[in-house]
Amino acid sequence: NVIRETGFRGSHKLSQELAIGLEPDVIIVSGWSPKGERKPALRLMADPVWQDVPAIKTGRVYDVPGSWAISNSQYSVEGLEHLAGLLHPEAL
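Residues numbered from 1 in each chain as written. Predicted model: local features only at pLDDT ≥ 70, side-chain atom pairs only at ≥ 80, totals over all residues. Heavy atoms only, no water.

Caption draft 1: Examining the overall build of the protein chain more closely. From N to C terminus, the protein chain includes five helices and two strands. For the protein chain, the α and β elements follow one another from N to C terminus as α-β-α-α-β-α-α. With 92 residues in all, the protein chain has 25% of them scored as buried. Restricting the contact set of the protein chain to residue pairs at least 6 apart, pairs at least 24 apart contribute 54%. Accessible surface, the protein chain as shown: approximately 6600 Å² in total, 55% of it carbon and sulfur. (Helix = DSSP H or I, 4+ residues; strand = E, 2+ residues; numbered from the N terminus. Buried < 20%, exposed > 50% of the residue type's maximum accessible area, 1.4 Å probe, protein only. Contact = heavy atoms within 4.5 Å. Areas by Shrake-Rupley, 256 points an atom, 1.4 Å probe, with all protein chains shown as cover.)

Written out as structure tokens, the structure is:
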């Protein structure tokens, strides 16, 4: 978890420079739509500034519903299961 290196706790907006500099292997963004569109992930993956980031190179950029990522609701378990599958597909 490269965010741990920043010392941030809770929700924070990262600058583009910091996010790129952390060189994440996986990026999870809140931007899912009911139609399955991956707009934020696709925009990020198409941005020339991000092309050297490991997650972009391997295509491991995922949009997830905000309710999965930050809420305490009936969606939390579904979200955790989905995120586990994205992060560790070999474990399925």
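Let us keep going from here.
Caption draft 2: Structural view of the nonpolar core. Counting residues in each nonpolar core, the largest one holds ten residues, listed as Ala19, Ile20, Ile27, Ala41, Leu44, Trp50, Val53, Ala55, Ile56 and Val61. Counting only elements with at least two residues in this core, the list comes to helix H1 (16-21), helix H2 (39-46) and helix H3 (54-58). In this view, leucine 44 contacts Ile27, Trp50, Gln51, Ile56 and Val61; residues no more than four positions away in its chain are not counted. (Core = buried A, V, L, I, M, F, W, Y, C linked by side-chain atoms within 4.5 Å.)

Caption draft 3: Fine view of the environment of aspartate 25. With respect to the helices and strands, aspartate 25 occurs in the loop between H1 and strand E1 (27-30). Take aspartate 25: its relative accessible area is 53%, and that puts it in the exposed class. Once the C-alpha coordinates of aspartate 25 and asparagine 1 are considered, the two residues, 24 residues apart in sequence, prove to be 9.3 Å apart. Ignoring any residue separated from it by four or fewer positions in sequence, one finds aspartate 25 in contact with Pro54, Ala55, Thr58 and Arg60.

Caption draft 4: Here's a closer look at the confidence of the model for the protein chain. Looking at the protein chain as a whole, the pLDDT averages 83, with 85% of positions reaching at least 70. For the protein chain, the element scoring lowest by mean pLDDT is helix H4 (residues 66-70), at 67; H3 scores highest, at 96. (pLDDT = per-residue confidence, 0-100.)

Caption draft 5: Expanded view of the environment of valine 49. Secondary-structure assignment places valine 49 in the loop between H2 and H3. Spatially, the C-alpha atoms of valine 49 and glutamine 16 are 9.3 Å apart, while their sequence positions differ by 33 residues. Not counting residues up to four positions away in its chain, the partners in contact with valine 49 are Gln16 and Ile20.

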